[in-house]
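Spelled out from the first residue to the last, the chains are:
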Amino acid sequence: MRLAADFARYNDFSVRDYDDLFATIDGRVDVKNRSYFSYNAEYLQLHESLNTRDSEQGLEPTVYTLYGGGVGYDHTFNRLSLGVAYAYQHLDFEDALGFDGFIIDNQDRDRDVQVAYLRAGYQFKVDKQLFATFGVTKVRYDQLPDRNGYFRDNQGWWGSAGISFTITSKLSGDLYASYRHREYDDLLLPDVDGWGLGAGLTWLPTNLTSVYFNIDTGIQETTNRYSSGYFRTLYSLRVEHDLTRFIQLTGHVGYYDNDYQLIEGAPEFARDHDKIWRYGLGLNWYINRSVFLGVSYDRTTLNSNVPLDDYEVNRAWLVLGLER
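I will try to describe carefully the structure that is included in this document. Everything numeric here is computed off the predicted structure, so don't read it as measured data.

**Section: the overall build of the protein**
- Check the secondary structure of the protein and you find 0 helices and 18 strands.
- Taking 20 Å as the expected radius of gyration for a compact globule of 324 residues, we find that the protein reaches 22 Å, a close match to that expectation.
- Buried residues in the protein amount to 37% of all 324 residues.
- Of the contacts made within the protein by residues no fewer than 6 positions apart, 50% connect residues no fewer than 24 positions apart.
- Carbon together with sulfur atoms contributes 57% to the accessible area of the protein, which is approximately 19,000 Å² in total.

Structure below.
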């Protein structure tokens, strides 16, 4: 079980204050030899920053609640393994105050998301496994049509195949290719689909340094009036180095490529492509097993085809963390 909170207070811009809350639980139950049942549940109160482009943003951060859970079952037959899982999430967005003083109605963003998938793996060597996954997704909105008159309920599927491996004790992870497809109930909203690469690698060059590299692709929801959805590819690199037993230096670089699927007849400067860079440095002092003090710097930039929509954000953080 994990309980966490993230509170932010701004000295000059109090309208940007936020309170994020996290409550999660997960676990597994061994059913018999080589078989286990897994479960998870979550309740999160989160916020969208003013820089989010998925939907209209206002003077204050958009607050939303996410709750749901999932179950799964896995069994291993000698070298062959099979797993099946189901997950459900509900997202509930609160209204926000717009820059013009009017209320932004976000009720058309509330939705249920259901995902089910089957995974198969074949371990052809002790430290290497081939795997393939096939899954389906269904999204149902509470309010139809949305603010732009669209019926955004949608469904889709995805498939992926790749290899997971361990090379000595220094490098481990997985590499795979995937294809995703999403179609919408509204005939005016075009399908979103595409190929992507995926990776999750961990490299331990020394006993004091850890390097994590990830590639992730997915189809994202939006209420943008000129698009049905967008295909997002994320590349991220994070480095952690222990200066001493209690002091850790961190660094990260992330790149988001958001490719929007435009409706027919969209204007020339409709949001078509966003490229987001994020990078930063941090230093954490672990006072004891439950308390740490951190200082960090983070920079985010957006390059968009929409005129005058580019931005740069520089943030410095002083964090007191409590972990149990």
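So that's the structure; there's more coming.
**Let's talk about unusual backbone geometry**
- Cis geometry is adopted by the peptide bond preceding Pro145, which originates at Leu144 and carries an omega value of -5°.
- Structurally, Pro145 is set in the loop between β9 (128-141) and β10 (154-167).
- For Leu308, which is not a glycine, the phi torsion comes out positive at approximately 65°.
- Considering the arrangement of structural elements, one finds Leu308 in the loop between β17 (291-304) and β18 (311-322).

**Some words on the pairing of strand β15 (residues 247-262)**
- Relative to β15, strand β14 (residues 227-242) runs antiparallel, the two being bridged by 15 bridges. For Tyr235, the partnering residue across the bridge sits in β15 and is Tyr255.
- Where β14 hands over to β15, the hairpin turn is made up of 4 residues, counted between the paired strands.
- Judged from the 13 bridges that link them, β15 and strand β16 (residues 273-286) form a sheet pairing that is antiparallel. In the sheet register, Tyr256 faces β16, and the bridge partner there is Ile276.

**Regarding the pairing of strand β3 (residues 35-48)**
- Where strand β2 (residues 18-32) lies against β3, 11 bridges are found, and the strand directions are antiparallel. The residue of β3 that forms the bridge with Leu21 is Gln45.
- The loop that links β2 with its antiparallel partner β3 comprises 2 residues; one of these, Arg34, has a positive phi angle of about 70°.
- Inspection of the sheet shows β3 paired to strand β4 (residues 62-77) by 14 bridges, in the antiparallel sense.

**Re the packing of aromatic side chains**
- The full count for this structure, using the stated rule, is 11 aromatic pairs.
- A centroid spacing of 4.7 Å and a plane angle of 40° characterise the contact between Tyr255 and Trp277, whose relative ring orientation is tilted. With a gap of 22 residues between them, Tyr255 in strand β15 and Trp277 in strand β16 connect regions that are remote in the sequence.
- Pairwise contacts between aromatic rings join Phe134, Trp157, Tyr179 and Trp195 into one cluster.
- The positively charged end of Arg2 is found above the aromatic ring belonging to Phe22, 5.9 Å away from the centroid.
- Above the ring of Phe93, the side-chain terminus of Arg109 is found at 4.1 Å from the ring centroid.

Cut-offs and rules
- Residues numbered from 1 in each chain as written.
- Predicted model: local features only at pLDDT ≥ 70, side-chain atom pairs only at ≥ 80, totals over all residues.
- Heavy atoms only, no water.
- Helix = DSSP H or I, 4+ residues; strand = E, 2+ residues; numbered from the N terminus.
- Rg over C-alpha atoms; globule rule 2.2 N^0.38 Å.
- Buried < 20%, exposed > 50% of the residue type's maximum accessible area, 1.4 Å probe, protein only.
- Contact = heavy atoms within 4.5 Å.
- Areas by Shrake-Rupley, 256 points an atom, 1.4 Å probe, with all protein chains shown as cover.
- Pairing = 2+ DSSP bridges.
- Phe/Tyr/Trp six-rings, centres within 6.5 Å; stacked < 30°, edge-to-face > 60°.
- Lys NZ or Arg CZ within 6 Å of the ring centre and 35° of its normal.

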